[in-house]
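# Coordinates in review
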Amino acid sequence: MADTQYILPNDIGVSSLDCREAFRLLSPTERLYAHHLSRAAWYGGLAVLLQTSPEAPYIYALLSRLFRAQDPDQLRQHALAEGLTEEEYQAFLVYAAGVYSNMGNYKSFGDTKFVPNLPKEKLEQVILGSEAAQQHPEEVRGLWQTCGELMFSLEPRLRHLGLGKEGITTYFSGNCTMEDAKLAQDFLDSQNLSAYNTRLFKEVDGEGKPHYEVRLASVLGSEPSLDSEMTSKLKSYEFRGSPFQVTRGDYAPILQKVVEQLEKAKVYAANGHQGQMLAQYIESFTQGSIEAHKRGSRFWIQDKGPIVESYIGFIESYRDPFGSRGEFEGFVAVVNKAMSAKFERLVASAEQLLKELPWPPAFEKDKFLTPDFTSLDVLTFAGSGIPAGINIPNYDDLRQTEGFKNVSLGNVLAVAYATQREKLTFLEEDDKDLYILWKGPSFDVQVGLHELLGHGSGKLFVQDEKGAFNFDQETVINPETGEQIQSWYRSGETWDSKFSTIASSYEECRAESVGLYLCLHPEVLEIFGFEGADAEDVIYVNWLNMVRAGLLALEFYTPEASNWRQAHMQARFVILRVLLEAGEGLVTITPTTGSDHFGRPGQAGLKLLSSSMSHHGWPFIYLFTFSIEVLKSTGDVAGGRALYEGYAAVTDTPPECFLTLRDTVLLRKESRKLIVQPNTRLEDSDVQLLEYEASAAGLIRSFSERFPEDGPELEEILTQLATADARFWKGPSEAPSGQA
């Protein structure tokens, strides 16, 4: 059997997303709008399979064929007859549910591969003897032959997503290195092209010279178009001695289905902002234009307080090893009015609270652009995973000058982050009950501050294409050096492109530290209804949760490559290191001792100083938040990397001995929950909500019923697209030549 870090356990937590009440309160028109947006999101989410691993589309197609022909209960009878045990069949169901939930065979949270926890030969018997194989023997056998070996393979390079020798990724062809990624980013910057909706493919000619294809995601390919904005970019270039070709048409048949559903949703738009937003999204996905998506995002920002909220596109860059290509994501949700009222009060106080942050006024936006901040009950979230909160759009220029929106996903928080006392690790016994009581309320506060005033604060110093600056070069002083500003963002540079591999984690860390610092403010706690001893408990548990998360983050560190696999977890470990460095017993980690009755190493004890610890800790989080913002604002990549990577380093230096502690963390880790989402079904002109049980089988059924009209067509589309590019990952276990 495989190492436990590469399997999903049979007893993995599975929860159903509850949005019944939110859906019930929608009008018939709002339900139709939500339904078609959901369909667009689910179709687009299939592109994530092509953004993850070479084998993911084939695994998805194989599983879909199996469970369309026999539901999990029917297939179970066949599997047991073939000699599988109940535990082995449950392991297969959990694996299948994991593939659907993560949109691929790598965990969305940690980027680690997971494999079926049963013998390959037994699974092969089940697949080749299944009803699907009886109906379509050549197709099923062909899919198995294509993906079976890779499904189980744990060769070193295939264990994690990464670039070059560090892992596998389909954002880049298999022979690309980090140097290729840097060269391509410089090329894109030189042409004012965004990397968000691109992939990079490298081919080497007979003379050993590399040729690069930058491929944009779009419905249109090489056919003529009236859209001069994009067609002028689709040509050959010479850049630093290397040929580049900009093409489009990536994921074309998938995006065609997205566009068709957005056209239908547009009919039911509640206002002009929504209609124009969808028109620009349609333009973006059709033409491959990020500028059109930006225009759509502007209309989205202006659509204040909608009943049905949504966002869709190539959004988050966490899984690109270079940090600038966006994974497809789409969500549809309904406003939770009670919690949203608290967030509205937080927004109303935002300008005053911004003054409490530890940087000078010149490092804050010239004008605070009051955003929407709502708590949403998610109806649909398509992509590789569901977050707790979101601050979007991610376009720096829009966030700086036009605004953004914040959303907290209330029904996700309710199920994904619930904690059972017996499963609580790395806490002193006398903290556990307090932690369980206040974790949810404290997380509401942290998410609110993280999204609104963490991601929503701070100014980037920029020089535009005409040479004009958005700050006064003569008067603005770098408060760390006492000198005038020496570095800034040039035209075409963005936060993601400039800070690249650390950008996502650095920004998450900045937002988390802002949340920790501002949660000490009595006005913030009063907004959420906490005063006196309750307020102190909320602060304590918020900080306790952050340092515990920093310890648990060690699961996502890879000692062999000395790198982190998850931006949020790296960010929380950095904060733990900052607070440990603060001294005074602010945070203590008791060394691992003894063993439990299973023979595992005894768990380390994590303890904060006291319920008043935050008052001891605030100077340290103040100084760290100050430094991390100043380095970001000025685009000081060298200084930012030195600070951040210093804290993110994992060593076995006493007293904490983090590498040793990591072994204990791995032995006691709890797998991230799988979340079952509902479907919407259009019957005549009425939209029905279809819900499923909270189990691996229930999650599989939700996907089996997700595409009732065109499931086989989608499987064919996915396998054809994967096969067309398969040559770029020939011998995927073989590391490319050149420095990684």
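Residues numbered from 1 in each chain as written. Predicted model: local features only at pLDDT ≥ 70, side-chain atom pairs only at ≥ 80, totals over all residues. Heavy atoms only, no water.

To be explicit about the condition: UniProt positions are given in the numbering used here, feature names are shortened, and annotations may be inferred rather than shown by experiment.
Looking at an unreviewed UniProt entry, one finds the protein chain named Dipeptidyl peptidase 3 and attributed to Chlorocebus sabaeus. Of the comments in the UniProt record for the protein chain, the one headed Subcellular location (unreviewed entry) reads "Cytoplasm". As recorded by UniProt, the Catalytic activity (unreviewed entry) comment attached to the protein chain reads in full: "Release of an N-terminal dipeptide from a peptide comprising four or more residues, with broad specificity. Also acts on dipeptidyl 2-naphthylamides."

### Some points on the pairing of strand 19 (residues 686-690)
As a reminder of what qualifies: For every residue, the accessible area obtained with a 1.4 Å probe (protein chains only) is divided by the maximum for its type, and the residue is called buried under 20%, exposed over 50%, and partly exposed between those limits. Secondary structure follows DSSP: runs of H or I at least 4 residues long count as helices, runs of E at least 2 residues long count as strands, and numbering of each begins at the N terminus. Two strands are said to pair when DSSP picks up at least two bridges between them.
Residue alternation in strand 19 divides its side chains into a buried set, Val687 and Leu689, and an unburied set, Asp686, Gln688 and Leu690. Between the antiparallel neighbours strand 18 (residues 679-683) and strand 19 lie two residues, among them aspartate 684 with a positive phi of about 60°.

### A few points about the UniProt feature "active site" (unreviewed entry) in the protein chain
Note the threshold: We call two residues in contact whenever any of their non-hydrogen atoms come within 4.5 Å of each other.
Following the UniProt record, the feature "active site" (unreviewed entry) maps to Glu451 here. Within the secondary structure, glutamate 451 sits in helix 19 (residues 429-454). For glutamate 451, a relative accessible area of 6% corresponds to the buried category. When near neighbours in sequence (up to four residues on either side) are disregarded, glutamate 451 contacts Phe373, Gly389, Ile390, Asn391, Asn406, Val407 and Gly456.

### Focus: the environment of leucine 667
Note that leucine 667 resides in helix 27 (residues 658-667). As for leucine 667 and asparagine 470, which are separated by 197 residues in sequence, their C-alpha atoms are 51 Å apart.

### A closer look at the side chain of histidine 35
As a reminder, the rule being used: Two N or O atoms count as a polar contact when they lie within 3.5 Å, although within protein this holds only if one can serve as hydrogen donor and the other as acceptor, and sequence-adjacent residues are included solely when both atoms are side-chain atoms.
Within the secondary structure layout, histidine 35 lies in helix 2 (residues 28-45). At a separation of 2.8 Å, a polar atom in the side chain of histidine 35 contacts the side chain of threonine 680. Setting aside anything within four residues of it in sequence, one finds histidine 35 in contact with Thr680, Arg681, Leu682 and Val687.

### What about the pairing of strand 7 (residues 327-336)?
On a regular strand, each side chain points to the face opposite its neighbour's, so the side chains alternate between the two faces of the sheet. Of all ten residues in strand 7, nine are buried, a share of seventy percent or more. Relative to strand 7, strand 6 (residues 308-316) is paired through eight bridges, and the arrangement is antiparallel. Its bridge partner being in strand 7, glutamate 316 is matched across the sheet by glutamate 327. Pairing of strand 7 with strand 8 (residues 372-382) involves seven bridges; the strand directions are antiparallel. Within strand 8, the residue paired with valine 332 across the bridge is threonine 380.

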